[in-house]
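# Coordinates in review
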Amino acid sequence: MTTSSAPRDIRVMIVDDHEIVRRGIAEIVDRADGLMVVAEAGSVAEAVRRATLVRPEVVLVDLQLPDGTGIDIINALTEQVPDAKAVVLTSFDDDDALAQALHAGAKAYLLKTVRGVEISDVVKAVADGRILLDERTVTRRRADHEDPTANLTPSERKVLELIGDGLSNREIGEKLGVAEKTVKNHITALLAKMGLQRRTQVAAWVAGQRAAGWRQ
C-alpha cells in the first residue's frame, strides 16, 4: 500500500537591497500556502552566490541593486541555475525595463504597489510554468501608454506633487491654503483620473517619475 506525500513547498528567493522591504516581501511569501523562502540577498553578487547554493525555483528580483541590476541576476541565473524562474518586483513602471526584463527571460513583471496576495499568486503561477509577459504585452503597453495626469486640474497636480513629497492631507491643506476636506476631494478626483485606488500608489508613481530611470 502506498501513501501519497504532501505537496512540496515552492522554493523562493528574495532579492532587494532594502532590508525592510525585503523582509516584508519575505513575510508575505512565507505566509502563503505552498511557498517557502529559502534565501534572501541584497546585491547581485550575493544573489548569484546564494542561488547556486539553495537552487530556488522562483527568484523575486528588484531592478536597482548596489552592484548592478536585476537583469544581471536573471542573465547569471540562466547560466548557473537554469531551472530558476525570475519575477521582477520593482517600483519602476518603465517600458524599457519591462522590455529588457522580458528579453532576459523574466516570467513576470510586478510593481511594488501590488497587493501581497498578488505576489503569492504570481509566484505560484510562474512556478507552474506560466509566463505573465509576452512581446504583445510590451507592444500594446507602448502603444497605449498615455500620461495618466493629462486630465488633472492645476490644483490636482499640486496635490499630486505634494503627496510625492510625503506630506499628509493636513500639511497639503496648510501649504495650499485650503481645507483638508478639499484636499481629500482633490485626491479622490486624481485617483479616479489616474486609474489608481490608493494614496500610496500615487506616491509610488511620483517617485518613479522623479527617478532618473531604473538604471542608476
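Residues numbered from 1 in each chain as written. Predicted model: local features only at pLDDT ≥ 70, side-chain atom pairs only at ≥ 80, totals over all residues. Heavy atoms only, no water.

The name an unreviewed UniProt entry gives the protein is Two component transcriptional regulator, LuxR family, with Bowdeniella nasicola as the organism.

## Observations concerning the pattern of salt bridges
Within the structure shown, the criterion is met by 10 salt bridges. Two residues, E40 and R22, come together in a salt bridge whose shortest N-O distance is 3.1 Å. You can see E40 sitting in strand β2 (residues 35-41) and its partner R22 sitting in helix α1 (residues 19-31), a full 18 residues away along the chain. Each member of the pair, E40 as well as R22, is classed as buried. A single network of salt bridges, built from pairs that share partners, joins D16, D62 and K112. (Salt bridge = Lys/Arg side-chain N within 4 Å of Asp/Glu carboxyl O. Helix = DSSP H or I, 4+ residues; strand = E, 2+ residues; numbered from the N terminus. Buried < 20%, exposed > 50% of the residue type's maximum accessible area, 1.4 Å probe, protein only.)

## Some thoughts on helix α7 (residues 154-164)
Where α7 is concerned, the buried positions are E156, V159, L160, L162 and I163. Of the residues trailing α7, G166 is marked for its positive phi of about 90°.

## Things to note about the pairing of β2
Remember that side chains alternate between the two faces of the sheet whenever the strand is regular. Buried residues dominate β2, accounting for five of its seven residues. Alignment of strand β1 (residues 10-15) against β2, held across six bridges, turns out to be parallel. Its bridge partner lying in β2, I10 is registered against L35. Each parallel crossover has a hand, and for β1 linked through α1 to β2 it is right-handed. (Pairing = 2+ DSSP bridges. Right-handed = clockwise from strand over helix to strand, strands pointing away.)

## Digging into the side chain of S43
Relative to the elements of secondary structure, S43 occurs in the loop between β2 and α2 (44-54). For S43, a relative accessible area of 16% puts it in the buried group. Engagement of the side chain of S43 in a polar contact is seen with the backbone nitrogen of E46, the distance being 3.1 Å. Among residues more than four places away in sequence, those in contact with S43 are V15, L65, P66 and D67. (Polar contact = N/O pair within 3.5 Å; in protein donor to acceptor, adjacent residues only side chain to side chain. Contact = heavy atoms within 4.5 Å.)

## Some remarks on the side chain of N169
The residue N169 is located in helix α8 (residues 169-176) in this model. At a separation of 3.0 Å, a polar atom in the side chain of N169 contacts the side chain of R199. Setting aside anything within four residues of it in sequence, one finds N169 in contact with E180, V183, K184, I187 and R199.

## Observations concerning the pairing of strand β3 (residues 58-61)
The side-chain alternation of β3 yields two buried faces, one formed by V58 and L60 and the other by V59 and V61. Sheet topology places β1 next to β3; four bridges connect them, and they run parallel. Within the sheet, the bridge partner assigned to I14 lies in β3 and is L60.

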